[in-house]
Amino acid sequence: MDVWLGLNFEFDENFGVHTVKTLHNESIVSESEDFLYEKNFLFTSALTYKSKLDKQTLNWLIGRLGKNR
């Protein structure tokens, strides 16, 4: 499992995104924020440094993910 900001993520092979599964035992996020469970995250590098073509591809990918989820 991957950890980011105290959240445990699993990679979803079907959609190519990471999904929040649980809180890490040393999480900075409170237990009351369980609304994050099963939410999807798409990790990418800073958009500032992406070319116009990369941004276009990423925009297309996010649109497809939204339609298929």
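Residues numbered from 1 in each chain as written. Predicted model: local features only at pLDDT ≥ 70, side-chain atom pairs only at ≥ 80, totals over all residues. Heavy atoms only, no water.

## Here's the deal with the side chain of Asp12
Reasoning step 1: By the element assignment, Asp12 lies in strand S2 (residues 7–12).
Reasoning step 2: For Asp12, the side chain forms a polar contact with the main-chain nitrogen of Asn14, separated by 2.9 Å. (Helix = DSSP H or I, 4+ residues; strand = E, 2+ residues; numbered from the N terminus. Polar contact = N/O pair within 3.5 Å; in protein donor to acceptor, adjacent residues only side chain to side chain.)

## As for a nonpolar patch on the surface
Reasoning step 1: There is a patch of nonpolar side chains on the surface, built from Leu42, Trp60, Leu61 and Ile62 and spanning about 370 Å² of accessible area.
Reasoning step 2: With respect to the helices and strands, the residue Leu61 is situated in helix H1 (residues 52–68). (Patch = residues over 30% accessible without salt bridge, like charges linked within 9 Å, V, L, I, M, F, W, Y side chains within 5 Å. Areas by Shrake-Rupley, 256 points an atom, 1.4 Å probe, with all protein chains shown as cover. Salt bridge = Lys/Arg side-chain N within 4 Å of Asp/Glu carboxyl O.)

## Here's the deal with the nonpolar core
Reasoning step 1: Among the nonpolar cores identified, the biggest contains 5 residues, and these are Leu7, Phe9, Val20, Leu23 and Leu36.
Reasoning step 2: Those elements giving two or more residues to this core turn out to be S2 and strand S3 (17–23). (Core = buried A, V, L, I, M, F, W, Y, C linked by side-chain atoms within 4.5 Å. Buried < 20%, exposed > 50% of the residue type's maximum accessible area, 1.4 Å probe, protein only.)

## As for the confidence of the model for the protein chain
Reasoning step 1: Summarising the model, the protein chain shows a mean pLDDT of 78, and 84% of its residues fall at 70 or more.
Reasoning step 2: Looking over the protein chain, one finds the lowest element-wise mean pLDDT in strand S1 (residues 2–4), namely 73, and the highest in S2, namely 87. (pLDDT = per-residue confidence, 0-100.)

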